[in-house]
Amino acid sequence: MAPPRRPPPLIDDAIAEILVRLPPHEPEHLFRAALVCKPWLRVLCDPGFRRRYRAFHGAPPLLGLLHRRQVVEGPPAARFASTTKMPDFPFPGRSDRLGRARPLDCRHGRVLVHMLRERNRDYLVWDPITGDRHDLPAPDIDWFIYTAAVFCAAHGCDHLDCHGGPFRVVFVATDDREEIVKATVYSSETGVWTAPVALDDSCECYARHMRDVLADGHHYMPYVQPRRGAVVGDEVYFTLRRGNEIINYNLREDSLSMINPPSHTAHEIALMVMDDSSLGFACIECCSLYLWSMKVNSKGAAEWVQRRVIKLEAIKPAVEPVREASVVGSAEGVGVIFISTDAGLFTVDLKSEKVRKVDEPEVYFSVLPYMSFYTPGIVLALACLFLSFIFFTSAVCLLNVMVLVCE
């Protein structure tokens, strides 16, 4: 009796059609698929599959997070907390020559880190997936309190899978001597910081804000919140401590201005980018999550509009009465809000309204979500480069030895 005939192997296009549907927020499935056989590995490592995978799934998935504390609370533990089953990326500054480090922002596949040393202070832009590191000098601002944002500067980039290429860093701080807000921008293409610009009485909104503050008879320093900002087109937004006033840095005009949030009783807000690419923010009042966004009305004036209210009964029983729940960040593009409670750090999915615990209790002042596609093709390419470097180095060393022997 003749043995049963095996079905013909799937062609590469059919394999890719199946594998492209594996969820990006569970990258371990891609790596397991790469171990099945050589044809699957070849498909997964093809650059065309990476492009197709990105286009199919849209926004990059949330792979992990870092977080910030207020400056008076000190830097958090140097730890990259993975939100998938993949192992954590080794955080720079934990065990290498770089020393201690304070994360400042995560965006477009990059992490901005303030390297804390004994005699000097500088900054690092780090890609956890590729391991690429770009050192930045310290900006020319004598800061008292500060925050910053890093983002891709490649022309026409869709920011679905940013690795390499030019980037910019916007650094905003309260000047310790002049007690005013200043901003400066670093470009990886020029390698220098721009001359600082200041937020002063030339901004009508800021001047009105300062008049109201000084009318109370108290000395006031505009305290920049060390929270993650929001990047909307050519504008970057951060918040001040008093009243949650919002600072706007315009990249094209190289200028600072200020806008007010809507009147509400929330003590802390987290800026975010809405689905329609407008500026928004989230806050919690009376165990409900409120989402606001800025819209331009029929008269051309910008106004705040309440977009949504979500009841948080799901996590209310887990919250101790000592500290209320607070919004500490968002993951843009995937509709996720981070909420800190005494029971730990939770995510709220805005589509399903499902609540998920992602980390243990900590002092979460500002969560920095790391979002990027993580595929076997990236890892294999890096491994090939590493092996090529080792081979080249070994060949050079062998050549040097042969030269010495011949001499």
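Heads up: these notes are all about the structure in this document. All values reported here derive from a predicted model rather than from experimental measurement.

Rules and cut-offs
Residues numbered from 1 in each chain as written. Predicted model: local features only at pLDDT ≥ 70, side-chain atom pairs only at ≥ 80, totals over all residues. Heavy atoms only, no water. Buried < 20%, exposed > 50% of the residue type's maximum accessible area, 1.4 Å probe, protein only. Helix = DSSP H or I, 4+ residues; strand = E, 2+ residues; numbered from the N terminus. Pairing = 2+ DSSP bridges. Arc of directions from axis to C-beta. Contact = heavy atoms within 4.5 Å. Axes fitted to C-alpha atoms, helices over the stretch in contact; angles between N-to-C directions. Phe/Tyr/Trp six-rings, centres within 6.5 Å; stacked < 30°, edge-to-face > 60°. Lys NZ or Arg CZ within 6 Å of the ring centre and 35° of its normal.

A short note on the pairing of strand β7 (residues 143–152)
One face of the sheet, then the other: side chains in a regular strand alternate in exactly this way. Of all 10 residues that make up β7, 9 are buried, and the element is covered over most of its length. Alignment of β7 against strand β8 (residues 167–175), held across 9 bridges, turns out to be antiparallel. Across the sheet, the residue bridging to F151 is R168, located in β8.

Here we look at helix α4 (residues 47–57)
Here α4 has its buried residues at F49, Y53 and R54. Looking down the long axis of α4, one finds its buried residues gathered within 135 degrees of arc, a one-sided arrangement. Looking at α4, the residues exposed on the side facing more than 90 degrees away from the buried face are R51 and A55. Structurally, α4 contributes buried residues whose contacts are with α1 (12–19), α2 (28–34) and α3 (38–44). A positive backbone phi angle near 80 degrees is found at G58, which sits one or two residues after α4.

Points about the sheet that holds strand β19 (residues 302–311)
Taken in spatial order, the 4 strands line up as β16-β17-β18-β19 in an open sheet, and their pairing is antiparallel. Of all strands in the sheet, those with a lone pairing partner are β16 (270–273) and β19, marking the two edges. Across the sheet, the axes of successive neighbouring strands diverge by a mean angle of 30 degrees, strand direction being ignored. Where strand β17 (residues 279–285) lies against strand β18 (residues 288–296), 6 bridges are found, and the strand directions are antiparallel. Counterpart to C283 in the pairing with β18 is Y290.

Re the packing of aromatic side chains
The full count for this structure, using the stated rule, is 16 aromatic pairs. Residues F31 and Y374 carry aromatic rings whose centres are separated by 5.2 Å and whose planes lie at 50 degrees to one another, so their mutual orientation is tilted. Taken together, the residues F31 in helix α2 and Y374 in the loop between β24 (366–371) and α6 (376–406) connect sequence positions 343 residues apart. Judged by centre distance (6.3 Å) and plane angle (10 degrees), the rings of F281 and W292 are stacked. You can see F281 sitting in strand β17 and its partner W292 sitting in strand β18, a full 11 residues away along the chain. Accessibility classification places F281 together with W292 in one group, the buried group. In textbook terms, an aromatic cluster arises when at least three aromatic residues are bridged by ring pairs, as seen for Y123, W143, Y146, F167, F171, Y186 and W193. When the ring centre of F365 is taken as origin, the NZ or CZ atom of R227, which lies over that ring, is 4.1 Å away. Of note, R241 hangs over the ring of Y223, and the distance from its end group to the ring centre comes to 4.9 Å.

Take it as geometry only, folks, not as evidence of what the structure does.
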